[in-house]
Amino acid sequence: MATLDDVARAVVELPDVVEGERHGHRTWFVLGKGFAWERPFSKADLERFGGATPPAGPILAVRVSDLDEKEAVLASQTKGVFTIPHFDGYSAVLIQLKAVGKRALREALIDGWLACAPARLAKTYLERQGTDASTRAQ
């Protein structure tokens, strides 16, 4: 089971990440652009679940590069990764921290960071990791 503190520890290893707050919730930014944030369900979100039990929190939202990547991430059926109607048309997925594996969480956070980091910074990071962008996208 991962926690928001695990998220904070994972993202501190990424270049130019700052933890802050947006709408009263922990948010992680790369050069001012939010790529991961605590995302509790709103009253409207809970109503959309109808009779179904919503995933237990904490819930983390993480950016992806585009809607095609979002569909690919969701199609992989990684445990704990999902979306809700409020996120339709928005390039981000939700992660139930109590259900996701630590490796899957770390990969999602890196991908979210890459989706929001300036191209030059992302390229430098990938080069230092021994990965190029075309390999990472696959």
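Summarised in this report is the structure supplied together with it. (Residues numbered from 1 in each chain as written. Predicted model: local features only at pLDDT ≥ 70, side-chain atom pairs only at ≥ 80, totals over all residues. Heavy atoms only, no water.)

### A closer look at the packing of aromatic side chains
- If you walk through the whole model with that rule in mind, you get 5 aromatic pairs.
- Taking 6.5 Å as the distance between ring centres and 65° as the angle between the ring planes, the aromatic pair formed by Trp37 and Tyr90 counts as edge-to-face. Here Tyr90 lies in the loop between strand E5 (81-82) and strand E6 (92-96) and Trp37 lies in strand E3 (residues 33-38), a separation of 53 residues in the sequence.
- A residue is classified by how much of its surface remains accessible, and Trp37, at 11% relative accessible area, is buried.
- Ring centres of Phe41 and Phe82 lie 6.3 Å apart, and the angle between their planes is 55°; this geometry places the pair in the tilted category. Here Phe41, found in the loop between E3 and helix H2 (43-48), pairs with Phe82, found in strand E5; they are 41 residues apart in sequence, far enough to count as distant. Across this residue pair, the class does not change: Phe41 and Phe82 are buried. (Phe/Tyr/Trp six-rings, centres within 6.5 Å; stacked < 30°, edge-to-face > 60°. Helix = DSSP H or I, 4+ residues; strand = E, 2+ residues; numbered from the N terminus. Buried < 20%, exposed > 50% of the residue type's maximum accessible area, 1.4 Å probe, protein only.)

### Focus on the pairing of strand E1 (residues 17-22)
- In terms of strand pairing, E1 meets strand E2 (residues 25-30) through 6 bridges, oriented antiparallel. Along E2, the bridge assignment pairs Val17 with Val30.
- In this antiparallel pair of consecutive strands, E1 and E2, the connection spans 2 residues, and His23 shows a positive phi of 55°. (Pairing = 2+ DSSP bridges.)

### Description of the sheet that holds E5
- Strand order in the open sheet formed by 6 strands is E1-E2-E3-E4-E6-E5, and the pairing between neighbours is antiparallel. Every other strand in the sheet has two partners, leaving E1 and E5 as the edge strands with one partner each.
- Relative to E6, strand E4 (residues 59-63) runs antiparallel, the two being bridged by 5 bridges. Along E6, the bridge assignment pairs Ile59 with Gln96.
- Its contacts with the sheet put helix H3 (residues 67-75) on E5 and E6, and the angle it makes with E6 is roughly 30°. (Contact = heavy atoms within 4.5 Å. Axes fitted to C-alpha atoms, helices over the stretch in contact; angles between N-to-C directions.)

### Describing unusual backbone geometry
- Residue Pro58 follows Gly57 across a cis peptide bond; omega there is 5°.
- Phi at Asp16 takes a positive value of approximately 60°, unusual for a residue other than glycine.
- Residue His23 is not a glycine yet carries a positive backbone phi of 55°.
- On the accessibility criterion, His23 (72% relative accessible area) is exposed.

### A look at the nonpolar core
- Trp28, Leu60, Ile95, Leu97, Leu105, Leu109 and Trp113 are the most contacted members of the largest nonpolar core, which totals 31 residues.
- When residues no more than four places from it in sequence are discounted, the contact partners of Trp113 are Leu14, Pro15, Val17, Val30, Phe35, Leu121, Ala122 and Tyr125.
- One finds Ala61, Phe87, Ala92 and Leu94 within the second-largest nonpolar core, a separate group that totals 9 residues. (Core = buried A, V, L, I, M, F, W, Y, C linked by side-chain atoms within 4.5 Å.)

### Some points on the pattern of salt bridges
- Throughout the structure, instances matching the rule amount to 9 salt bridges.
- Note that Arg48 and Asp45 form a salt bridge whose closest N and O atoms lie 3.3 Å from each other. Within this pair, Arg48 and its partner Asp45 are both found in helix H2, separated by 3 residues, close to a single helical turn.
- The exposure class of Arg48 is partly exposed, given its relative accessible area of 47%.
- Between Lys123 and Glu127 there is a salt bridge, and its shortest N-O distance comes to 3.8 Å. Here Lys123 and its partner Glu127 are both found in helix H5 (residues 119-129), 4 residues apart, which amounts to about one turn of the helix. No difference in accessibility class separates Lys123 from Glu127, as the two residues are exposed. (Salt bridge = Lys/Arg side-chain N within 4 Å of Asp/Glu carboxyl O.)

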